[in-house]
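Observations on chain architecture
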Amino acid sequence: MICVLGDAHLDVIVSLAGPVAPETDTPAATSVGAGGQAANVAAWITALGGRARLIAAQAADPAGRTVADELAGRGVELTGPVFTGRTGVVVSLSDGGRSRSMLTDRGVGPQLQASDLKEEWFAGCTRLHLPAYSLLREPVQGAALAAAQRLPQLSVDLSSTSALRDYGVERFRDLLARLRPEIVFGTEAEADLVGEVPGSEMVVKLGPRGVRVNGVTHAAAPVTAVDATGAGDAFAAGYLLGGVGFGLDAAARAVARMGAMP
């Protein structure tokens, strides 16, 4: 069982047929469903044969119920407090599987507090996975730090260059030094921004070029790319369960279809 702590929200994927035409229509393909980096990783863990428990703030609104139902249907154990407010929504603009840019509204996601955590949420878990999104805002940062004290193995995903810059790169490096994660995942841009993390295995996601682990590059599996949203989350889930090859196969599955979920 792997525990993941972080956001569960609605993902809206928009794949544009061309440049946005001002003041009129632009053809696009869209996908709507449960998402959030933490939720994506948890869903891919279960899809790949593992067990996952997602600890997340939830909203008592129709979108929140939709997200909870979808995650339950995917075999994810969802737990966490329910707040008055809005479920987060992230709109991802997808460029034909080559890249994606995100417009982010986290809703109640950052409201999870350390005092909300219950011991039974960690029962049976051997690892905690934390997206950096869970470490860059209060009060969810306090919940993430408290959770990291409860489990023996920790992995962290760097998540977002813009979020890291807003928080402060040196400040985040100090936080990682306190946490001492076993594994740190990041895109090439994120890894370049943060630099090496002493004592941690750096797993650098290179997109269509594959991944770099301990200085060795592993080629991506051949695939016709449709949408890159969630491919890194699929890779992280596969890597945690079965290493590089398993992770690359999962990423290939993700990028071959619309949406971040399996």
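In short, a report on the structure.

Calculation rules
- Residues numbered from 1 in each chain as written.
- Predicted model: local features only at pLDDT ≥ 70, side-chain atom pairs only at ≥ 80, totals over all residues.
- Heavy atoms only, no water.
- Buried < 20%, exposed > 50% of the residue type's maximum accessible area, 1.4 Å probe, protein only.
- Helix = DSSP H or I, 4+ residues; strand = E, 2+ residues; numbered from the N terminus.
- Pairing = 2+ DSSP bridges.
- Axes fitted to C-alpha atoms, helices over the stretch in contact; angles between N-to-C directions.
- Contact = heavy atoms within 4.5 Å.

Observations regarding the pairing of strand β12 (residues 183–187)
By the criterion of burial, β12 is predominantly enclosed, with four of the five residues buried. Here three bridges tie strand β11 (residues 153–157) to β12, and the two strands are oriented parallel to one another. Looking across to β12, one finds that valine 156 is bridged to valine 184. In the sheet, β12 pairs with strand β13 (residues 201–205) via five bridges, with the strands oriented parallel. What sits directly across from threonine 187, in β13, is lysine 205.

What to know about the sheet that holds strand β8 (residues 87–94)
Hydrogen bonding along the main chain pairs the strands of a sheet, whether they run parallel or antiparallel. Taken in spatial order, the four strands line up as β3-β2-β8-β9 in an open sheet, and their pairing is mixed. At either end of the open sheet lies a strand with only one pairing partner, and these are β3 (28–35) and β9 (100–107). Averaged over all neighbouring strand pairs, the angle between strand axes comes to 15°, with direction disregarded. On top of the sheet, helix α2 (residues 62–73) reaches β2 (9–16), β3 and β8; it is set at about 80° to β3, its chief contact.

Quick look at helix α3 (residues 140–148)
Note: α-helices contain 3.6 residues per turn, so residues at a spacing of three or four share the same orientation. Most of α3 is tucked away: eight of the nine residues are buried. Within α3, burial applies to Val140, Gln141, Ala143, Ala144, Leu145, Ala146, Ala147 and Ala148. Contact partners of the buried residues in α3: β1 (2–5), β9, β10 (127–131), β11, α4 (161–167) and α5 (169–179).

Things to note about the sheet that holds strand β14 (residues 211–213)
What the nine strands build is an open sheet, ordered β6-β4-β1-β10-β11-β12-β13-β14-β15; its pairing is mixed. Sheet topology places β6 (77–79) and β15 (216–218) at the edges, where each strand pairs with a single neighbour. When the angles between neighbouring strand axes are averaged without regard to direction, this sheet yields 20°. Examined bridge by bridge, β1 and strand β4 (residues 52–55) share four bridges and lie parallel to one another. Across the sheet, the residue bridging to valine 4 is leucine 54, located in β4. In the packing of helix α7 (residues 231–242) onto the sheet, the strands contacted are β1, β10, β11, β12, β13 and β14, and the crossing angle to β12 comes to about 155°.

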